[in-house]
Amino acid sequence: MRPTDKRDMSNTRADDIVRDAKKLLLPRIQDGSRRAFLSRTLTLGGVALLSGCNVSDNASVEQALTKISRFNDRVQGWIFDPKQLAPTYPESMITRPFPFNAYYGQDEIRQVDGDSFRLEVSGMARDKRQWQLHELAAMPQTEQITRHICVEGWSAIGRWGGVKFSDFLERVGADTTAKYIGFKCADDYYTSIDMPTALHPQTLLTLTYDGQVLPPEYGYPMKLRMPTKLGYKNPKHIQAIFVTNAYPGGYWEDQGYNWFGGS
Ligand SMILES: Nc1nc2c(c(=O)[nH]1)N[C@H]1C(S)=C(S)[C@@H](COP(=O)(O)O)O[C@H]1N2
Ligand SMILES: [Mo]
């Protein structure tokens, strides 16, 4: 944007654009000082500079924010440390009752039948057969008490158990040089994650909540739990998992939420 364009815009609108850009950029930056620095220094001019777009019309603003978000995905990919563990908590800190959230209300929670359930595996994997629940339950299980952070402004600590996702990927012979793992869910939700996060030691193919079979509201029969990512990246009611190099997007991601979605 040329500096003069600013005059054509009301200050409120300029403020809105900068606020959107900050939302896309800042939650991902874990280092508090860098975050505070960016928060103070990111201006409308900065948005224009980062994106190379003319921010004086709506279409360009959309484009500018998308570019920033893609840029942000790359930055998050670079700074993601595959060995850095998210905090874990004592049992006494578990949030009870744990909040329910989905793109629909509690009256529409999907009821999946466990007996006929089959998990599909496709794409860049050696063993593409379907999985039954008891086969997953027979694999080594682990537990974690971690914090779930939703962009809607709440967070809660919960206890999840299941199969380390890296063990599962190894078992199906996933090509770990692929870029993405995609998920399709029983409620038409879908999302996708980067391979380094898929292989992170705390990424869990979750079968239990608080020591019980995962209840319907939290994603029966299984959800992917990642304490390194925001809530919307954690798919519930998973039905199909695919390994791919073609960007799969996601339900909220395709509506403008940042794809990497680190927390
Ligand atoms: N299948 C499916 N997974 C989903 C969602 C959804 O609507 N459908 N919502 C996401 C969002 S935004 C959040 S915050 C968490 C909520 O998980 P919870 O109900 O266990 O708290 O699920 C995520 N995974
Ligand atoms: Mo969320």
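Undergrad: Before we go on, may I ask you to explain the environment of Val112 in this structure?
TA: Residue placement: Val112 occurs in the loop between helix H4 (58-79) and strand E1 (120-123). Each C-alpha atom, one on Val112 and one on Gln239, is 9.9 Å from the other, the two residues being 127 residues apart in sequence.

Undergrad: Even after reading the chapter, I still don't get the side chain of Thr206, so can you show me in this structure?
TA: For Thr206, the position within the fold is in strand E6 (residues 204-209). Assessed through its relative accessible area of 0%, Thr206 is described here as buried. When sequence neighbours within four positions are dropped, the list of residues in contact with Thr206 reads Trp160, Gly161, Gly162, Leu214, Pro221, Met222, Lys223 and Arg225.

Undergrad: Sorry if this is basic, but what is going on with the sheet that holds strand E5 (residues 190-194) here?
TA: Sheet strands pair via backbone hydrogen bonds, and the direction of the pair is either parallel or antiparallel. If you walk across this open sheet you meet the four strands as E1-E9-E4-E5, and the pairing is mixed. Two strands in the sheet have a free side with no partner beyond their single neighbour: E1 and E5. Strand after strand, the sheet turns through a mean of 20° between neighbouring axes, direction not considered. Where E1 and strand E9 (residues 238-244) come together, four bridges link them in parallel fashion. Of the residues in E9, the one forming a bridge with Glu120 is Ala240.

Undergrad: Would you mind going over the nonpolar core with me for this structure?
TA: The tendency in soluble globular proteins is for nonpolar side chains to be buried as a group. Leu119, Phe165, Phe168, Ile181, Leu205, Met222 and Ile241 are the most contacted members of the largest nonpolar core, which totals 29 residues. Sorting the residues of this core by element identifies helix H5 (133-137), helix H6 (165-171), strand E4 (180-185), helix H7 (195-198), E6 and E9 as the ones contributing at least two each. Apart from residues no more than four positions distant in its own chain, Leu205 is found in contact with Leu136, Gly161, Gly162, Val163, Phe165, Phe168, Met222, Lys223, Leu224, Ile238 and Ile241. Counting residues in hydrophobic clusters, the runner-up holds 15 residues, among them Leu24, Leu44, Val61 and Leu65.

Undergrad: Any chance you could explain the packing of aromatic side chains here in plain terms?
TA: Aromatic ring pairs are reported here in terms of the distance separating the ring centres and the angle at which the planes meet. Across all of its chains, the model carries 20 aromatic pairs by this definition. For the ring pair Tyr232 and Tyr257, a centre distance of 4.8 Å and an interplane angle of 85° mean the geometry is edge-to-face. Of this pair, Tyr232 sits in the loop between strand E8 (223-225) and E9 while Tyr257 sits in the segment after E9, and the two are 25 residues apart along the sequence. Residue Tyr232 is classed as buried on the basis of its relative accessible area of 7%. According to the relative accessible area criterion, Tyr257 is partly exposed, its value standing at 26%.

Undergrad: Help me out: how do you make sense of helix H3 (residues 44-51) in this one?
TA: Within H3, burial applies to Leu44, Gly46, Val47, Ala48 and Ser51. At the C-terminal side of H3, Gly52 shows a positive phi close to 65°.

Undergrad: Would you explain the site of ligand 1 in this entry?
TA: Around ligand 1, 20 residues are found, and the nearest of them are Pro99, Asn101, Asp187, Asn234 and Lys236. A distance of 3.0 Å separates an oxygen atom of ligand 1 from a polar backbone atom of Tyr103. Within the side chain of Asp187, one N or O atom sits 2.8 Å away from a nitrogen atom of ligand 1. In isolation ligand 1 offers 540 Å² of accessible surface; the protein chains occlude 99% of this area. Here the shell around ligand 1 is built from residues that sort into twelve nonpolar, four polar and four charged.

Undergrad: How should I be thinking about the confidence of the model for the chain in this particular structure?
TA: Do not read the predicted coordinates in detail wherever pLDDT is low. Residues at a pLDDT of 70 or more form 90% of the chain, whose mean pLDDT is 89. In this model, residues 1-8 is a region of pLDDT below 50 whose contacts with residues beyond four sequence positions or in other chains number ten contacts.

Undergrad: How should I be thinking about H4 in this particular structure?
TA: In an α-helix there are 3.6 residues to a turn, and that puts residues three or four apart on one side. An ideal rise of 1.5 Å per residue puts 32 Å on 22 residues; H4 measures up with 31 Å between its terminal C-alpha atoms. All of the buried residues along H4 are Ser60, Val61, Ala64, Leu65, Ile68, Ser69, Asn72, Asp73 and Gln76.

Quick notes on the rules
- Residues numbered from 1 in each chain as written.
- Chains lettered and ligands numbered in written order.
- Predicted model: local features only at pLDDT ≥ 70, side-chain atom pairs only at ≥ 80, totals over all residues.
- Heavy atoms only, no water.
- Helix = DSSP H or I, 4+ residues; strand = E, 2+ residues; numbered from the N terminus.
- Buried < 20%, exposed > 50% of the residue type's maximum accessible area, 1.4 Å probe, protein only.
- Contact = heavy atoms within 4.5 Å.
- Pairing = 2+ DSSP bridges.
- Axes fitted to C-alpha atoms, helices over the stretch in contact; angles between N-to-C directions.
- Core = buried A, V, L, I, M, F, W, Y, C linked by side-chain atoms within 4.5 Å.
- Phe/Tyr/Trp six-rings, centres within 6.5 Å; stacked < 30°, edge-to-face > 60°.
- Near = heavy atom within 4 Å.
- Polar contact = N/O pair within 3.5 Å; in protein donor to acceptor, adjacent residues only side chain to side chain.
- Areas by Shrake-Rupley, 256 points an atom, 1.4 Å probe, with all protein chains shown as cover.
- Nonpolar A, V, L, I, M, F, W, Y, C, P; charged D, E, K, R; others polar.
- pLDDT = per-residue confidence, 0-100.
- Expected span 1.5 Å × (residues − 1).

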